[in-house]
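Structural features, examined
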Amino acid sequence: MNTVVETTDLTKRFGENTALNGLTMTVPQGGIVGFLGRNGSGKSTTIKILLDVIRRTSGEALLLGEPTGSVAVRRRIGFLGEDKRLYPYMTVEEIIEFTRPFFSTWRKETESRLLRDFELPRNCKVSSLSKGMRTKLGLLLNLCRHAEFLILDEPSEGLDPVVAEQMLQSLVQQAADGTTIFFSSHQISEVEQIADHIIVIEKGRVILQGPLDHVQQKFRRINLVFDDPPPAEAFRVDGVDHVSLQGRTISILASRNIDDIAALGPLLAAKSVEVQPVGLKELFLEKVRER
Amino acid sequence: MPIYKVWRESRPRFLFVLAALLLVTAASTFYNSTTESVVLETKDFHQAGSRTFQGPLFLFWGFAAMFLGLGGLLRERAVGTVDYTLSLPVSRTRWFLYRAINGALQALAVAIVPALAVPLFASLFGSDYPIGEAAIHGLRLGIGGMLFYSIGLLTSSLFAGEFTSAGLGIALVFVVNNSTRIFQTLKPLNLQDAIAPTQMMDTSPYLARGAMPWTGICVSFALSVVFASLAWKLHKLRDF
């Protein structure tokens, strides 16, 4: 499998505070990768290290096979930050003309199409654009360069649903054209909507990663109802990720041996056993809660 | 490309500083020309011009040069554009280099242009001031006083706030300048004296006749290179 990002034991400390604590992750080439985590989990720190905006304390980080900070690599990537801040003193046209010469792969026809589709006012100063319009401009600046790899930090943050949907569709279109998209988000629904692959981090470490459909197929929720107080300890077996007890019901999140775990129910006098698929939101909450 | 960005970013600051210094130069020249008896009697602007170069233009240019040294990646972090800047295929060193050169040229321009305006102001008063003389004073100020600019460059690499950087730079210059006036042993560190045209002036026509204060200019310029190198090192190493 070709990879666009590879980090090994990546650590970043800000004084006493550890933002990344041995982060090891792989972003496969092609498709859309959702990068999930709570506030302060280390998502933005990871992205900033990939862009060489901040320097790692230890560990390794490779971007398109080269160490982060390589100018040559930055010709092949795009980035859209959470705030979508762009140079306020330039007009829309000026910032496009400023960015274009950096990228030999720039597509003029994409630029014209997106200027039209996004209804961006060419002579308007960036400082007078709304956040939604800045997002569209940021997208245009990134999509036109036809980058191999596009990094987006909370791209839908603060956008109205119409602009957010327009942005997601643009990303899907770009991924179809061969760009690998890596985007961090709090919006699990949008990750579920467009991502092929997910990486979940918590406290600076990866707690879950893999193809989205594989992850969703792998995990199951097993609910068991008992007449008597349930024997929760008996379910702490191989494959069980989390056990919770609510009255006479045991709820188990399992990633392996699903059938064996479910089969324990009748043996331990469970009144009913129900095996259900797990949604990404539920899985995320369980995984984060575990820690 | 990068130079376009650093120019666009600094343009309002540069134009503001240039306008302010032209105003200061005009005010000082006209003030001196109306209060100095030698000027009033002979319509000779030489002394008025010379006083402007040594006094207000030096002082205001020093602050202005420091002001022109502000900005950069740390400031961009404060306004939120640094991620976009550093995601472009330009190294931190190149960004710094372009900004430093752009700012240095602007600092030089705001020394030379007001200096060259003195002959113009003189002619408006029906008198004259040699253009070559004005150019020499402008160059001396711009090159010898580059230390002020590099202090701005250095403080802006340490503090994101423009007011913090400027305030600290001004405080530093103020402390050093006053110390050199109070403590005789520190006298050689006074930049105004080190690059002042006193030794090159012939007080009769109030024109430069002696040698340029090369030692002071070279020491000051070398120090500014050291400060700029420190600022570059900080840009290379720090997190944004």
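Residues numbered from 1 in each chain as written. Chains lettered and ligands numbered in written order. Predicted model: local features only at pLDDT ≥ 70, side-chain atom pairs only at ≥ 80, totals over all residues.

Quick look at the nonpolar core
How we decide: For this entry, the nonpolar core is defined as buried Ala, Val, Leu, Ile, Met, Phe, Trp, Tyr and Cys residues connected by C-beta atoms within 7 Å. Exposed residues have 12 or fewer other C-beta atoms within 10 Å of their own C-beta, buried residues have 20 or more, and partly exposed residues fall in between, where C-beta atoms are placed from the backbone. Helix and strand definitions here come from DSSP, where helices need a minimum of 4 consecutive H or I residues and strands a minimum of 2 consecutive E residues; each element is numbered from the N-terminal end. Where a domain begins and ends is set by an automatic assignment or by a domain database. By the convention adopted here, residues are in contact when the distance between their C-beta atoms, placed from the backbone, does not exceed 7 Å.
Core analysis: the biggest nonpolar cluster contains 122 residues, and Ile151(A), Phe182(A), Trp61(B), Ala107(B) and Tyr149(B) have the highest contact counts within it. Per-element tally for this core: the top contributor is helix 7 (residues 92-124) of chain B, with 13 residues. Two domains share this core, each providing at least three of its residues, namely domain 1 (3-211) and domain 2 (219-290) of chain A. Filtering out sequence-adjacent residues up to four positions away, Phe182(A) remains in contact with Val5(A), Val27(A), Val33(A), Phe35(A), Phe149(A), Leu150(A) and Ile151(A).

Here's the deal with the interface of chain A and chain B
Put simply, the test is: In this count, Pro and Cys sit with the nonpolar residues alongside Ala, Val, Leu, Ile, Met, Phe, Trp and Tyr, while Asp, Glu, Lys and Arg are called charged and the others, Gly among them, polar.
Between chain A and chain B, the contact holds 19 residues from the first and 19 residues from the second. Across the side of chain A that touches chain B, the residue classes tally to twelve nonpolar, one polar and six charged.

With respect to the confidence of the model for chain B
For residues with low pLDDT, the predicted coordinates do not support detailed interpretation. Basically, it comes down to this: Summary of the metric used: pLDDT quantifies the predictor's per-residue confidence within the range 0 to 100.
Taken residue by residue, chain B gives an average pLDDT of 85. The fraction at 70 or more is 91%. Reported confidence for the predicted complex is 0.84 by ipTM and 0.85 by pTM.

As for the sheet that holds strand 11 (residues 220-226) of chain A
Residue and element names in this part refer to chain A. How we decide: Here a strand pair is declared whenever DSSP counts at least two bridges between the two strands. Interaxial angle, 0 to 180 degrees, is taken between N-to-C directions of lines fitted to C-alpha atoms, where a helix line uses only the stretch in contact.
Pairing is antiparallel across the open sheet formed by four strands, whose spatial order is 12-13-11-14. What marks the edges here is a single partner per strand, and that holds for strand 12 (240-246) and strand 14 (270-277). Averaged over all pairs of adjacent strands, the angle between strand axes in this sheet comes to 15°, irrespective of strand direction. Relative to strand 14, strand 11 is paired through seven bridges, and the arrangement is antiparallel. In the strand pairing of strand 14, Leu224 is matched with Val273. This element, helix 9 (residues 258-267), spans strand 11, strand 12, strand 13 (249-254) and strand 14 of the sheet and lies at about 160° to strand 14.

Thoughts on the domain arrangement of chain A
Residues and elements named next belong to chain A. Each assigned domain of chain A is listed here: domain 1 (3-211) and domain 2 (219-290). Averaged C-alpha coordinates put domain 1 and domain 2 at centres separated by 37 Å. Tallying the contact residues gives nine residues for domain 1 and five residues for domain 2. When residues of the side of domain 1 that touches domain 2 are traced back to their parent elements, those giving at least two are helix 7 (188-194), strand 9 (197-202) and strand 10 (205-211). The biggest single contributor to the side of domain 1 that touches domain 2 is helix 7, with three residues. The class makeup of the residues in the side of domain 1 that touches domain 2 is six nonpolar, no polar and three charged.

Let's talk about helix 3 (residues 92-99) of chain A
Residue and element names in this part refer to chain A. Note the cut-off: Here the arc refers to the directions that run from the helix axis out to each C-beta atom.
The set of residues buried in helix 3 consists of Val92, Ile95, Ile96 and Thr99. Projected down its long axis, helix 3 shows its buried positions confined to an angular sector of 100°, all on one face. Buried-residue contacts for helix 3 involve helix 4 (108-117) and helix 5 (131-143).

Points about the environment of Leu137(A)
Residues and elements named next belong to chain A. Structurally, Leu137 is set in helix 5. For Leu137, a count of 24 C-beta atoms within 10 Å translates into the label buried. On a C-alpha basis, the gap between Leu137 and Thr91 in space is 11 Å, while along the polypeptide they are 46 residues apart. When neighbours within four sequence positions are excluded, Leu137 is seen to be in contact with Leu86, Val92, Leu120, Val126 and Leu129.

Description of the environment of Asp160(A)
Mapped onto the elements of the fold, Asp160(A) is located in the loop between strand 7 (149-153) and helix 6 (161-176). When the C-alpha positions of Asp160(A) and Gly132(A) are compared, they lie 7.5 Å apart, and in sequence the two are 28 residues distant.

With respect to the environment of Arg256(A)
Residues and elements named next belong to chain A. Topologically, Arg256 is positioned in the loop between strand 13 and helix 9. Taking the C-beta count within 10 Å as the criterion, Arg256 has 14 such neighbours and is therefore assigned partly exposed. For the pair formed by Arg256 and Gly239, sequence separation is 17 residues and the distance between their alpha carbons is 4.2 Å. Once residues within four sequence positions are removed from consideration, Arg256 is found in contact with Asp238 and Gly239.

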